[in-house]
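# Report on the structure
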Amino acid sequence: MIGPFIRLTLRGVADLRLHPFAQLLTLLAVGMVTLLTGLILLGMHNVNQELLKSRGKVEFQIYWKAGAGDAQVEKDWQSVRAMDHLDSFKTFTPRTALTELATALGETGDFAWLAENNPLPYSGLAAFAVPPEAQSEGWAADLLTRLKSMPGVDKVNYTPFQADLAQGWRTLTHMVVWPVLGFLALVVSLVVHNTIKLSLLTRMDEVEILSLVGASPAYIRWPLLIGGLVQGILGAGLGVGLLAATHSAIADALNFPPFLIQLQFLPPSQILALSGAVTLVSILSSWVAIK
């Protein structure tokens, strides 16, 4: 049972030599579509990285209770500094806060008369840089809860615009990428499907003879299906290779002031997903054509 199966599989691979020009065109078409899909994913990946790096931040204005002691406030400050993804933390004592307020108001900001009876509490401005792997819905809200739960903290204010912007961009890319990838998958399906059909037309006499001598449908179809599988694997490999070469050529295209952006290659998970999707589409389209 295994012997005939192996022979049919090898025959399917060897049959690719029967129509080299048609097979080459199919290989190039699948490779080009893979390259185009990869370039779109590469662009989205780098835009995501840069947007989340530059704008994926949340700033919290923290105010301590009026009666909070110096020791308690210092302990809370150390807790904030120990939090993950903290980008910067600027603290204000009542005296420095009053000085900052007077500086901001200019000539009208003379608050020397409040020096002995300062009503301002301890405060701090904490900025958290959210990396892509930590960007998730509710992350800022959980952080807000942690800050509010500190013993000496009175209230915490923050504007969720920047975090929402990063999350909104991710949602937008999902809305754009999936239809585009679906369209490219359809293109691959049509290309492989039509090529297999043309290949079958040139081998119609062979198929009819095999049918007349009693060959089963599986015996006829399996080598043709293997041909579609090999075309998908080779086409995906060609596309990924061209994508790597393209990335190598343009990796430093924006790596100069004021941009200083180093274009990153797709992570292995996305490369595997792209190659697997192209191969799967090739197999399915071959099966439809053969049927």
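Residues numbered from 1 in each chain as written. Predicted model: local features only at pLDDT ≥ 70, side-chain atom pairs only at ≥ 80, totals over all residues. Heavy atoms only, no water.

## Looking at the overall build of the protein
Across its full length, the protein carries 9 helices and 4 strands. The order of helices and strands in the protein, counted from the N terminus, is α-α-β-α-β-α-β-α-β-α-α-α-α. Evaluated residue by residue, the protein yields a buried proportion of 36% over its 291 residues. Long-range contacts, defined as pairs at least 24 residues apart, comprise 83% of the intrachain contacts of the protein with a sequence gap of at least 6. Carbon together with sulfur atoms contributes 66% to the accessible area of the protein, which is approximately 16900 Å² in total. (Helix = DSSP H or I, 4+ residues; strand = E, 2+ residues; numbered from the N terminus. Buried < 20%, exposed > 50% of the residue type's maximum accessible area, 1.4 Å probe, protein only. Contact = heavy atoms within 4.5 Å. Areas by Shrake-Rupley, 256 points an atom, 1.4 Å probe, with all protein chains shown as cover.)

## Considering the environment of Leu125
With respect to the helices and strands, the residue Leu125 is situated in strand S3 (residues 123-129). For the pair Leu125 and Phe60, spaced 65 residues apart in sequence, the C-alpha separation works out to 5.7 Å. Aside from chain neighbours lying at most four places away, what touches Leu125 is Glu59, Phe60, Gln61, Ser88, Phe89 and Lys90.

## Details of helix H3 (residues 70-81)
Residues separated by three or four positions in an α-helix point in the same direction, a consequence of the helix having 3.6 residues per turn. Under the 1.5 Å per step criterion, the end-to-end length of H3 is 16 Å for 12 residues, consistent within 8% with the ideal 16 Å. Listing the buried residues of H3 in full gives Val73, Asp76, Trp77 and Val80. For H3, the arc enclosing every buried residue in end-on projection is 105°, short of the 170-degree limit, so these residues lie on one face. Opposite the packed face of H3, turned more than 90 degrees from it, sit the exposed residues Ala71 and Lys75. (Expected span 1.5 Å × (residues − 1). Arc of directions from axis to C-beta.)

## Some points on the UniProt feature "transmembrane region" (unreviewed entry) in the protein
The UniProt record annotates "transmembrane region" (unreviewed entry) at residues 21-44, 176-196, 224-250 and 270-290. For the annotated span residues 224-250, helix accounts for 100% and strand for 0% of the residues, and the straight-line distance between the end C-alpha atoms is 39 Å. (UniProt positions renumbered as here; feature names shortened; annotations may be inferred.)

## Side note on a nonpolar patch on the surface
Nonpolar side chains collect at one region of the surface, where Phe21, Leu24, Leu25 and Leu28 lie side by side and expose about 400 Å² of accessible area between them. Structurally, Phe21 can be placed in helix H2 (residues 20-55). (Patch = residues over 30% accessible without salt bridge, like charges linked within 9 Å, V, L, I, M, F, W, Y side chains within 5 Å. Salt bridge = Lys/Arg side-chain N within 4 Å of Asp/Glu carboxyl O.)

## A short note on the packing of helix H8 (residues 217-250) against helix H9 (residues 268-290)
If you want to describe how two helices pack, look at the angle between their axes and the distance between the axes. Close contact between H8 and H9 brings their axes to 8 Å; oriented N to C, the two are set at 150°. Between H8 and H9, the angle falls in the class roughly antiparallel. At the point where H8 passes H9, the crossing takes the right-handed sense. Contacts between H8 and H9 involve Arg221, Leu224, Leu225, Gly228, Leu229, Gly232, Ile233, Ala236, Val240 and Leu243 from the first element and Ile271, Ser275, Val278, Thr279, Ser282, Ile283, Ser286, Trp287 and Ile290 from the second. Among the residues forming the contact of H8 with H9, the class breakdown is 12 nonpolar, 6 polar and 1 charged. (Axes fitted to C-alpha atoms, helices over the stretch in contact; angles between N-to-C directions. Parallel < 35°, antiparallel > 145°, perpendicular 65-115°, else oblique. Left-handed = near helix turned anticlockwise from the far one by under 90°. Nonpolar A, V, L, I, M, F, W, Y, C, P; charged D, E, K, R; others polar.)

## Let's talk about the nonpolar core
Membership of the largest hydrophobic core comes to 21 residues, with the highest contact counts inside it found for Phe60, Ile62, Trp64 and Leu147. Those elements that place two or more of their residues in this core are strand S1 (57-64), H3, S3, helix H5 (139-148) and strand S4 (153-158). No other element matches H5, which puts 5 residues into this core. The residues touching Phe60, leaving out its near neighbours within four places in the chain, are Gly124, Leu125, Ala126, Phe128, Ala140, Leu143, Leu144, Leu147, Val156, Asn157 and Tyr158. (Core = buried A, V, L, I, M, F, W, Y, C linked by side-chain atoms within 4.5 Å.)

## Examining the confidence of the model for the protein
Residues with a pLDDT of 70 or more make up 77% of the protein, whose mean pLDDT is 78. Within the protein, the element-level pLDDT minimum falls on helix H6 (residues 161-202), averaging 69, and the maximum on H3, averaging 90. (pLDDT = per-residue confidence, 0-100.)

## Structural notes on the pairing of S3
The element S3 is extensively covered by neighbouring structure, given that 5 of its 7 residues are classed as buried. Summarising the sheet, strand S2 (residues 86-92) and S3 pair through 6 bridges and their orientation is antiparallel. Bridging from a neighbouring strand, Ser88 pairs with Ala127 of S3. (Pairing = 2+ DSSP bridges.)

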